[in-house]
Amino acid sequence: MHCLRTTVARLRPLTAAQTAQSLSQPRLLVVRRSLRTFQLARCLNTTLTAEPFLNGTSSNYVEEMYYAWLENPRNVHKSWDIFFRNVNAGAPPGVAYQSPPPISGTSQGLASVQALVGGQPNLEKLVKDHLAVQSLIRAYQVRGHHIAKLDPLNIGCVDFDDAPCAVGFQNVGLYGLAESDLDKVFRLPTTTFIGGNETSLPLREIIHRLETAYCQHIGVEFMFINDVEQCKWIRQKFETPGIMQFRLEEKRTLLFRMIRSTRFEEFLQRKWSAEKRFGLEGCESLIPALKTIIDWSSQSGVESVIMGMPHRGRLNVLANVIRKELDQIFCQFDSKLEAADEGSGDVKYHLGMYHKHRNRVSDRDITMSLMANPSHLEAVDPVVQGKTKAEQFYCGDTEGKRVMSILLHGDAAFSGQGIVYETFHLSDLPSYTTHGTIHVVVNNQIGFTTDPRMARSSPYPTDVARVVNAPIFHVNADDPEAVMYVCNVAAEWRNTFHKDVVVDLVCYRRNGHNEMDEPMFTQPLTYKLIKKQKGVLQQFAEKLITDGVVTTQEYEEEVARYDKICEEAYTRSKDEKILHIKHWLDSPWPGFFTPEGQPKSMSCLSTGISEEELCHIGNIAASVPMEDFTVHGGLSRILKSRANMVSQRVCDWALGEYMAFGSLLKDGIHVRLSGQDVERGTFSHRHHILHDQNVDKKICIPMNYISLDQAPYTVCNSSLSEYGVLGFELGFAMASPNSLVVWEAQFGDFNNTSQCIIDQFISSGQAKWVRHNGIVMLLPHGMEGMGPEHSSARPERFLQMCNDDPDVFPKLSEDFSMRQLYDCNWIIVNCSTPANIFHVLRRQILLPFRKPLIVFTPKSLLRHPEARSSFDDMLPGTHFKRIIPDVGPAAASPEKVKRVIFCSGKIYYELTRERKSRGMDNTVVVVRIEQLSPFPFDLVKAETDRYAKADLVWCQEEHKNQGYYYYVNPRLSTTINHTRPVWYAGRDPAAAPATGNKQTHLMELQRLLDKAFDLEAFAGKV
C-alpha cells in the first residue's frame, strides 16, 4: 500500500497530536457573555503587573472595546483604534498606548498621531492576517479530507502526490501568519460555521475546530460544487460545533444493528464454512448505514426504495435490511434442495427480493426492492434507475419524494466500470432523472487481488461522481457513529436538493474475494494487519459500555437473542424440500398473473382495430394539433403525404408504427420510446415531436392529442449511450406490465455496446430470476452498401441465444403458437410490412404474459413504394403473421413450383423484383419468415408439404456465418424430417458484416440473386 501523501504541505493545517497539545494548554473561560468562548490572551513583553490598566474590572472594559473595534474601528475613539492596531502589530500595551491628540486640534498633535499610525502598517497587517485565516479555513474545506483518519487499517491507499506531509502549528507561517498569532483572536468569515454563535475565535481554536470538522473520521469533498447554497448547506452540517451528537436510544439502536450485521455473518461462517457467500466482514457498518438512510427517508415521506448492489454483503442486506425470512436464506445453502420447475435459477448471492413492511422508526409502511443482478459489477445501476423512474411516473411523483433509489458499489468497480459514468450522466436528464440517488461505496481498498494503485488513476475510487457535482462523504467504517451521521446527512441532502450523493465507507475485506480465496498470496502485509484488527462490533460495544450507554449484560443478552433467532430459522430451513425461485422475485405484478404465477389465459385477442380508429389516428399523425405553430416546410410535405395515405387506406412503416402506438395510448397503455434521435428518427421518418420554426423550445407531440382520456406518450432522445440507456429502459419495463417500453438503436449494430444488458438481463432474466419483461428493441438492419458499421444488427447473436431446440419438431396443438411464445426466452422478428410491425407491437400488450421483443427494423423499406400495407390488413380479426406465404401465380399451381425460397426482411423485395425480371413467377415461390424465434414449425411445415417436389433454398443478404442461416437451416431440416437438402443462397462467410465498397456490395447482391434463381445451381450436390 502507498503511504498517505498529501498536498497539505502547502495548506499547513494541524495534526491531531498538535491539536490535542494545544487543547491541553489552559485557557481563561469568559462566562459573562454567551458569545465569548476564550478570553483574549497574548504573549506580552511585560507582565500584567507592569500594565495596571489591564487588571481588575478595567480588563473587561478593554475587552469590550476590543471586540467593538474588531467589528468596526470607527466604533471606538481614535486613541483606541491606534492602540489596538499597535497591539496587533506586536507592540506591548505600554508602548502601544499613545495619548490622544489635544482638544485644540493643533497640527503638531495630529501630525504625531499620523506619524505613529503611518509608521506601523497595522491596518495592512490586520487585513492580511484575516485574509490568511480565511485562506486557511478554505484550505481545510477543500483539502481537509486529505489528512482525515479514514482508513481503519491506517495503511493509507489514497495517493495525492509525492509531496511530504508536513503539518502543524509551526507551519502557519506559510499563510503569512506566525506562531505568535495562534492565540490572537480573529473575526470569522461568513463562509464558515465553526464559530457556532461566536463571530470571533483565537487562531488556535479555529484550527482545532477545522480539524474536528474535516480531519477526523469523516472526509468531505464538496468544494467543487458550483452552487453556493449547496456548499453552504454542507458546511453547516459538518462545521457547526457539537452537531454530531446522538441520543442515548439512537446509540443503543446502532449497537443492536451492528450486532445483527456481525452475528449474521458469524452464523453463516459457523454453519457453512466451506461455502461461498461473499460476506460483509470488515464492513459490518454497511447494514446500519443503509437502515439509517431508509429510516430518514421514510420519515421524510419516501414510500418505496429500489436498491441495486453487487454480491458482497447481499445476503446480509436481504436479511437485515430487506427483511427476507432467514429460513429462506439458510435453505439456499442446502445442496440437496430440489429446484422447482421455474427456470434455471441463480446463485444465492445474485438473487433479489421485494418486501413491504412497517418502518419502526417512522411508523410508516415502506416497500423495499433489491434487484437481482449478475456478477457483472455495476450492470444493475441503470436498471435500478429505470425501475425507480417508472415507479415515480406511475404514482405521479414528479420530484422523487415518494420513490427513491440506493445503489451500492465496490471501490474497484465504481472507478473501473464505464457504466457508472453512463448512469451518472442520466441523473439530470428530464426523461431519465430519478431526482437523486444515494450511492454507497463499500470501499474494501482492494479489487479481488488488485491494489488501488493498479486499479485507478484518480486518488479516490469515487472521483467519477464529481462530474455531476455530487458531494462525496468519505467515512471510516470502523466508526459506526460517524457512518450513521454521514448517512443522515446524505439522506437529507437527497431530500433537500434531489441530487445524487456518495457515501464512501472506507473499510477492509477480512477474507479473500470469497471465503475460499487466499488473500495472503498477493497482499501479505495488509492481511497481517487485518488479522490483528479488532472487529468493529467489539470496538463499538466496548466504547458504549465504557460510556455507560449499555451494560455488558444487556449487550450479551442482545447477542444471545439474535443468535437464537438464527438457530430457530436454521431449524425451520431444514423443513424446506423445494427451492422456489418465485419467492425471490424483485418486481411482482399484482393481479397480472394468477396467484400461482401463471398466465390467466393462453389466448391472444385480435390485434386489429376498427377503420374509424385507424383513420382518426392517421389524421392525428398528419396534423399539427396546436394553434399558431409553424412547422418546417419539408415536414409539411411529410404530413401531407400521410394524409394522402390515410385517404387511400394505406400506411407506410412510420404510419404503421404510429397506428400501433396511438391505439395503445387510446386504450390507456402508456408508451415510452427512448433512444438516440428517436424523436425525429435516425432516418427522418418518425417526427413524433414537432418543433416550431419561430419559437425556441416550443414543441408539439401530436400523439398526446388522440383522445382526452388517453395514456401519456413519452418519446425522448437519450444521451449517446447504449449500455446505460438500454438498462434504464429494461428497468422501466419491469415496473408494470401495462406499458409498452421501446428502445431503438440509432443503428442496429450499436446494440453491441449494450451486450451485457442483452446477455445477462434480457435474454436470460426470466430463466434466472422468474422475471417477466416486455421490453422492445428496435434495431435498424439491412445491407444497403453503407459499409460494415451501419449494416448488420447482428441477428446471429440474438438467434444463438434462443432456447428452442433445433432438432426436435414440437408437438402441435390448437394453442401451439401461444405455447411457443410462453416457453421461449424472447421473441425475434424481422417484419417486411407495416401491418406486421403494427400487429407485433400491439401483440406485446395483448399477450397474457410478457417476453422481450427483438425487432430488426428496415432502413430502405421506410420509403419503399412496395412496402406499404392496406388498412384491410389491420382491421378487427387480423393478427400478426408469423410467416407470409407467396400469393402469386405459382401458389395456384404448387405442383409446377420448382423452388421455394425462404427469406426474411427486405431481401424479399429484391427477390421478387429479380423473379419478375427473369419471368419465373410461375416456378419460384418466395416465402417470408417474419417471426424467426420461436420458429414457426407448423406454418413452415405447411409450406414445405404444399411444395413437396420443389427445391428448398434459404436466401439472405447477410454473410453465411452471420444473419439467420445457422439458426434457420437445422430447423428447416427438422421440419421436413431431413428428407430434402436446404440449400444456401447468400454472401460467403466473412469477418466484417459488410463491404465498404459500393460496387463490391452490388456485385455480391447480384451474385446471391443469381444463385437463388439458378435452378441448376445445386444440381449434383448433396
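It should be emphasised that the depicted structure is a prediction, and the values quoted were computed from it without experimental measurement.

Scoring rules and cut-offs
- Residues numbered from 1 in each chain as written.
- Predicted model: local features only at pLDDT ≥ 70, side-chain atom pairs only at ≥ 80, totals over all residues.
- Heavy atoms only, no water.
- Phe/Tyr/Trp six-rings, centres within 6.5 Å; stacked < 30°, edge-to-face > 60°.
- Helix = DSSP H or I, 4+ residues; strand = E, 2+ residues; numbered from the N terminus.
- Buried < 20%, exposed > 50% of the residue type's maximum accessible area, 1.4 Å probe, protein only.
- Lys NZ or Arg CZ within 6 Å of the ring centre and 35° of its normal.
- Pairing = 2+ DSSP bridges.
- Axes fitted to C-alpha atoms, helices over the stretch in contact; angles between N-to-C directions.
- Parallel < 35°, antiparallel > 145°, perpendicular 65-115°, else oblique.
- Left-handed = near helix turned anticlockwise from the far one by under 90°.
- Contact = heavy atoms within 4.5 Å.
- Salt bridge = Lys/Arg side-chain N within 4 Å of Asp/Glu carboxyl O.
- Expected span 1.5 Å × (residues − 1).

Enquirer: Looking at this model, I keep getting lost on the packing of aromatic side chains. Mind explaining?
Expert: Aromatic rings considered in pairs are described by the distance between their centres and by the relative angle of their planes. One pass over the full model with this rule turns up 43 aromatic pairs. Considering the side-chain rings of W272 and F330, the 5.7 Å spacing of their centres and the 40° angle between planes classify their relative orientation as tilted. In this pair, W272 is assigned in the loop between α9 (248-271) and α10 (286-299) and F330 in helix α12 (residues 326-330), connecting sequence segments 58 residues apart. Each member of the pair, W272 as well as F330, carries the same accessibility label: buried. Among the aromatic residues, ring-to-ring pairing joins Y66, Y67, W69, W80, F83 and F84 into one connected group. Positioned above the aromatic ring of F732, the side-chain terminus of R672 is 4.7 Å from the ring centre.

Enquirer: Please clarify how the pairing of strand β6 (residues 353-359) should be interpreted in this entry.
Expert: Two faces make up the sheet, and in a regular strand the side chains alternate between them. Relative to strand β7 (residues 364-370), β6 runs antiparallel, the two sharing seven bridges. Of the residues in β7, the one forming a bridge with N359 is R364. Between the end of β6 and the start of β7, which pair antiparallel, lie four residues, with D363 showing a positive phi angle near 60°.

Enquirer: Please explain the packing of α9 against α10 as it appears in this structure.
Expert: How two helices sit against one another is set out by the angle between their axes and by the gap between those axes. Contact pair α9 / α10: the axes reach a minimum separation of 9 Å and the direction vectors enclose 130°. Between α9 and α10, the angle falls in the class oblique. Classified by chirality, the crossing of α10 by α9 is right-handed. Here L254, R257, M258 and S261 of α9 come into contact with α10, specifically with I287, P288, K291, T292 and D295.

Enquirer: Honestly, the sheet that holds strand β3 (residues 218-221) in this entry has me stumped. Any pointers?
Expert: Strand pairing in a sheet relies on backbone hydrogen bonds. The paired strands run either parallel or antiparallel. Taken in spatial order, the eight strands make up an open sheet running β3-β10-β11-β9-β8-β4-β7-β6, and their pairing is mixed. Each edge of the open sheet is held by one strand with a lone partner, namely β3 and β6. Between one strand axis and the next, the sheet turns by 20° as a mean value, whatever way the strands run. Across four bridges, strand β4 (residues 304-308) lies against β7 in parallel orientation. Across the sheet, M307 pairs through a bridge with L370, a residue of β7. Sitting on the sheet, helix α17 (residues 480-497) is in contact with β3, β8 (403-410), β9 (437-443), β10 (472-476) and β11 (501-506), with an inclination near 165° to β10.

Enquirer: Got a minute to help me understand the environment of R642 in this structure?
Expert: Looking at the element boundaries, R642 is found in helix α22 (residues 633-647). Remark: the alpha-carbon pair of R642 and L655, spanning 13 residues in sequence, is separated by 7.4 Å. With residues near it in sequence (within four places) discarded, R642 still touches A621, A622, A654, L655, Y658, H685, R686 and H687.

Enquirer: Is there a simple way to explain the sheet that holds strand β21 (residues 853-857) in this structure?
Expert: Spatial ordering of the open sheet is given by β17-β14-β18-β19-β21-β20-β26, a layout of seven strands whose pairing is mixed. The sheet terminates laterally at β17 (713-717) and β26 (931-933), the two strands that pair on one side only. Strand after strand, the sheet turns through a mean of 20° between neighbouring axes, direction not considered. Of the pairings in the sheet, the one linking strand β20 (residues 827-829) to β26 comprises two bridges and is antiparallel in character. Note on β26: the bridge partner recorded for V829 is Q931. Against the sheet, helix α29 (residues 834-846) engages β18 (739-744), β19 (776-780), β20, β21 and β26, with an angle of about 130° to β18.

Enquirer: Looking at this structure, how should I read the pattern of salt bridges?
Expert: Side chains that differ in sign of charge can pair as their charged atoms come close. In this structure the tally under the stated criterion is 48 salt bridges. One salt bridge in this structure joins K125 and D129, with 3.1 Å as the shortest N-O distance. One end of the pair is K125 and the other is D129, both in helix α6 (residues 122-143) and four residues apart, which spans about a single turn. Note on K125: relative accessible area 28%, which makes it partly exposed. For the salt bridge of E265 with R277, the shortest nitrogen-to-oxygen distance reads 2.6 Å. Of this pair, E265 sits in helix α9 while R277 sits in the loop between α9 and α10; the two residues are twelve residues apart in sequence, bridging distant segments of the chain. This pair shows no difference in class: E265 is buried, exactly as R277 is. One connected set of salt bridges, linked through shared partners, spans K125, D129, D181 and K184.

Enquirer: Where do I start with unusual backbone geometry in this structure?
Expert: Note: most peptide bonds trans; most residues except glycine with negative phi. Between S933 and P934 the backbone carries a cis peptide bond, its omega angle lying at -5°. For K697, which is not glycine, the phi torsion reads 65° and is therefore positive. Phi angles above zero are rare outside glycine, and H978 is one such case at about 60°. Along the polypeptide, H978 turns up in the loop between α33 (965-975) and β28 (982-987).

Enquirer: Looking at this structure, how should I read the environment of I901?
Expert: Looking at the element boundaries, I901 is found in strand β24 (residues 899-903). Overall, I901 belongs to the buried group, its relative accessible area being 0%. In this structure the C-alpha to C-alpha distance between I901 and A985, which are 84 residues apart in sequence, comes to 9.1 Å. Setting aside anything within four residues of it in sequence, one finds I901 in contact with L911, V924, V925, V926, V927, V953, C955, A1012 and F1013.

Enquirer: Is there a simple way to explain α10 in this structure?
Expert: Because each turn of an α-helix spans 3.6 residues, side chains separated by three or four positions in sequence point in the same direction. Here α10 is 14 residues long and its end C-alpha atoms lie 20 Å apart, about the 20 Å a rise of 1.5 Å per residue gives. With twelve of its 14 residues buried, α10 lies for the most part within the structure. Of all the positions in α10, only L286, I287, P288, A289, L290, K291, T292, I293, I294, D295, S297 and S298 are classed as buried. Phi turns positive one or two residues past the end of α10, at G301, with a value near 115°.

Enquirer: How do you make sense of the pairing of β18 when you look at a structure like this?
Expert: Here β18 lies mainly inside the structure; six of its six residues are buried. Side chains S739, V741 and W743 project from β18 onto one buried face, and the interleaved L740, V742 and E744 project onto a second face that is buried too. One ladder, built from six bridges, connects strand β14 (residues 670-675) with β18; its direction is parallel. Looking across to β18, one finds that H670 is bridged to S739. Inspection of the sheet shows β18 paired to β19 by three bridges, in the parallel sense. Its bridge partner lying in β19, E744 is registered against L778.

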